[in-house]
Amino acid sequence: MKQVTSKNHNLIFASIIGAIVICALLYNSIRVERIGFLGIADSKELQINFEYPVEVKRIHVIQGQNVRKGDLLLELDQSELNTKIREVEFNMNRLSSEIKLRKQFARIIPKSSKAAFKNAGEFTNPLQSEYDDLVKEKDYLEKKKKNLYVFSPADGVVGQINFKVGEKVGGFATLMTLANSSPTFVTGFINESLDVTLTEGQQVKVRSAARPDVTATAVVKSIGRRTVEMPLRLLKYQNVTAYGREVTLALSESNQFLIGEKVVVDPSKPILSFMAMAKASKGELLSSFETSTQFSLKKMDIPNSLYELTKFEPSGAIWLADLNKYLVISDDTDDTHSPLLFLMNRDGSIDSAPLKVSGLSEIMDIESIAQDGQFIYLLSSQSRNSSGDVKNNRSLIVKVKRVGLELTAVSSFQLRPLLMEALSKSKNTELNTLALTIQSGTVKNGDLDIEGMTLVGNDILIALKSPHNSSDESYILRLANKDYIFTNKYFHASQVSVEAKLNFHGKTETDESNKMGLSDLVYANGIYYLSTTCKKANCSALWKTSKLDSDHLKLLKTFPVNQLEGIALGHANEILGVFDEGKSEPYYFINETH
């Protein structure tokens, strides 16, 4: 009997303790609600201006438009800068002519007259120094001209546009304003009647006053040291003045608040939330251990207006560090075969306005792109068309000068006939055999098809997707001395050599019967990156090697889709890959830890 009574007493005691705990939790929850204070979610407006007078050349956005970091906002012009560049170029041409004239004069004057000089170089050295100074000045002016393109410094919404196309703008005048697309901070006020303790750096919870389900975290950045009059909007009774301390909090980037929305700041951590936190942390823990997102495929974001212009089929890319964008080529442009190139942000969004190469009327089937300083090199596939014809605009290789967003062809010629001549005349019998294979090949089997190009020093390496040799190896050829080639638009047979023969057969987890063809290669800092695509199955692969031979190839990743057409080394040495998926939207990947 005593034992039963004792058990009852224990049960009653435990119930009382439980009731006290529940009451404490409820009180704590109610207290949290009571000590929460109000604030306004807001965002600072960015002012876009320029340090010296300019003229507005083009405006690429409208008020209220959402923009992403890196999107082109404005193109500006500075007539004084253009005039100065023309003056420098004029003086460079004048000095160049005078230097050549003096060198010719030095060669024909009597030896007795030359003895008066220590060496023939004294005829030209002062002028050469002046010429070199002008080259440096021109480079400096062109770098300033690049800065006449204004890009969005962050994701946001275009606010006020203060000038129209053609208007001249004074130095440091605000061209336009840009607001974040979501709030970045909260300005709150703690009523002087509330006993709230906050510390800088403390993390707090913020929720919408009208939409309780919309919440975010924030960090206390500053706490006012004096009491000020609170804004009318935050007063419970708007006819009664109230005072409080101002607090500024930085919001997390992923918040769903509206700019200007009234919010409630909860500075406490209620015990009741512990279970919810435990559930959330479990989910977060699971997500943190999910399969790595390295090399994960994402669809490109291509504007509808661009699809109306061209069937966009990405085939290669390079990284433009000054623009913080990739420059992407497509093997299909528009109905007139215009030389179009496309800017892409790191999030895969393609700019709606393509860039056109001036000085080049047309080009087809652009498969390769490389860069060396301010020069970009474009290469067509060199292949026959579907009817078996060799077209001039499919056989081009082009040297392009880039200044900002201005692209100008400085040298172009048909590569295919010169390459075929060099292969045929080469003293290397393997190159002779390659020429014969191409000459006897068909569009579907054995024709010349160059899909990749990279620069190594002053030489060009070209990757042949077709033809392979009798051992099913892919060719990489070297064209020596690109400066000579583009100056003379010609090269000798001795300038062409076999750089490598690579066998990708059976080196992946895919069926060994799926033969692979080279689709691109990139060289940087002693490392080669190569992409291949399967000929009969939906698969592609990415490779890495320090030496171009089959034994050193390291497989980085295989993909369950075909047509990995181009690769590029970009921001912070990340690697980009672009896929041409035919009728569907093209894919891309960016791997930041290659």
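Report follows, based on the coordinates. Predicted model, so just to flag it, every value in this text is computed and none were measured. (Residues numbered from 1 in each chain as written. Predicted model: local features only at pLDDT ≥ 70, side-chain atom pairs only at ≥ 80, totals over all residues. Heavy atoms only, no water.)

1. Side note on the state of the cysteines
On inspection of all chains with the given rule, the structure shows 1 disulfide. The partner cysteine of cysteine 534 in its disulfide is cysteine 539, sulfur to sulfur 1.8 Å. Taking the sign of the S-S torsion, about -115 degrees here, the bridge from cysteine 534 to cysteine 539 comes out left-handed. Taking relative accessible area as the criterion, cysteine 539 reaches 4% and is therefore assigned buried. (Disulfide = S-S within 2.5 Å. Buried < 20%, exposed > 50% of the residue type's maximum accessible area, 1.4 Å probe, protein only.)

2. Notes on the layout of surface pockets
Its boundaries defined by the atoms lining it, the largest pocket holds a volume of some 820 Å³. At the level of secondary structure, the elements contributing two or more residues to the lining of the largest pocket comprise β24 (449–456) and β25 (459–466). For the lining of the largest pocket, a count of residues per class yields 3 nonpolar, 12 polar and 15 charged. (1 Å grid on protein atoms, 1.4 Å probe; cavity = no way out; pocket = protein on both sides within 12 Å on 5 of 7 lines; lining within 4 Å. Points joined across faces, edges and corners; volume = space filled by probe spheres on them. Helix = DSSP H or I, 4+ residues; strand = E, 2+ residues; numbered from the N terminus. Nonpolar A, V, L, I, M, F, W, Y, C, P; charged D, E, K, R; others polar.)

3. Quick notes on the packing of aromatic side chains
This structure, assessed with the given rule, holds 9 aromatic pairs. Taking the centre distance of 5.3 Å and the plane angle of 75 degrees together, the rings of phenylalanine 559 and phenylalanine 579 count as edge-to-face. Residue phenylalanine 559 is found in strand β31 (residues 554–559), and its partner phenylalanine 579 is found in strand β33 (residues 575–579); the two are separated by 20 residues along the sequence. The burial state of phenylalanine 559 is the same as that of phenylalanine 579; both residues are buried. Here a set of aromatic residues connected by ring pairs shows up, and it is made of Tyr377, Phe413 and Phe486. (Phe/Tyr/Trp six-rings, centres within 6.5 Å; stacked < 30°, edge-to-face > 60°.)

4. A short note on the nonpolar core
The biggest cluster of nonpolar side chains holds 29 residues, and the ones touching the most others in it are Leu419 and Leu423. Looking at this core, the elements that each hand over two or more residues are β21 (375–380), α7 (415–425), α8 (429–440), β24, β25, β26 (474–479) and α9 (482–488). A total of 6 residues in this core trace back to one element, the largest contributor, which is α7. Residue contacts for leucine 419: discarding those within four places in its chain leaves Leu448, Ile450, Ile462, Leu479, Phe491 and Val496. Within the second largest apolar cluster, 27 residues are counted, among which are Val61, Leu73, Leu148 and Val158. (Core = buried A, V, L, I, M, F, W, Y, C linked by side-chain atoms within 4.5 Å. Contact = heavy atoms within 4.5 Å.)

5. Observations regarding the sheet that holds β24
Strand order in the open sheet made by the 4 strands is β24-β25-β26-β27, with antiparallel pairing throughout. If you trace the sheet from one side to the other, it starts and ends with β24 and β27 (496–502), each paired once. Here the strands of the sheet are splayed against their neighbours by 25 degrees on average, with no regard to which way each runs. (Pairing = 2+ DSSP bridges. Axes fitted to C-alpha atoms, helices over the stretch in contact; angles between N-to-C directions.)

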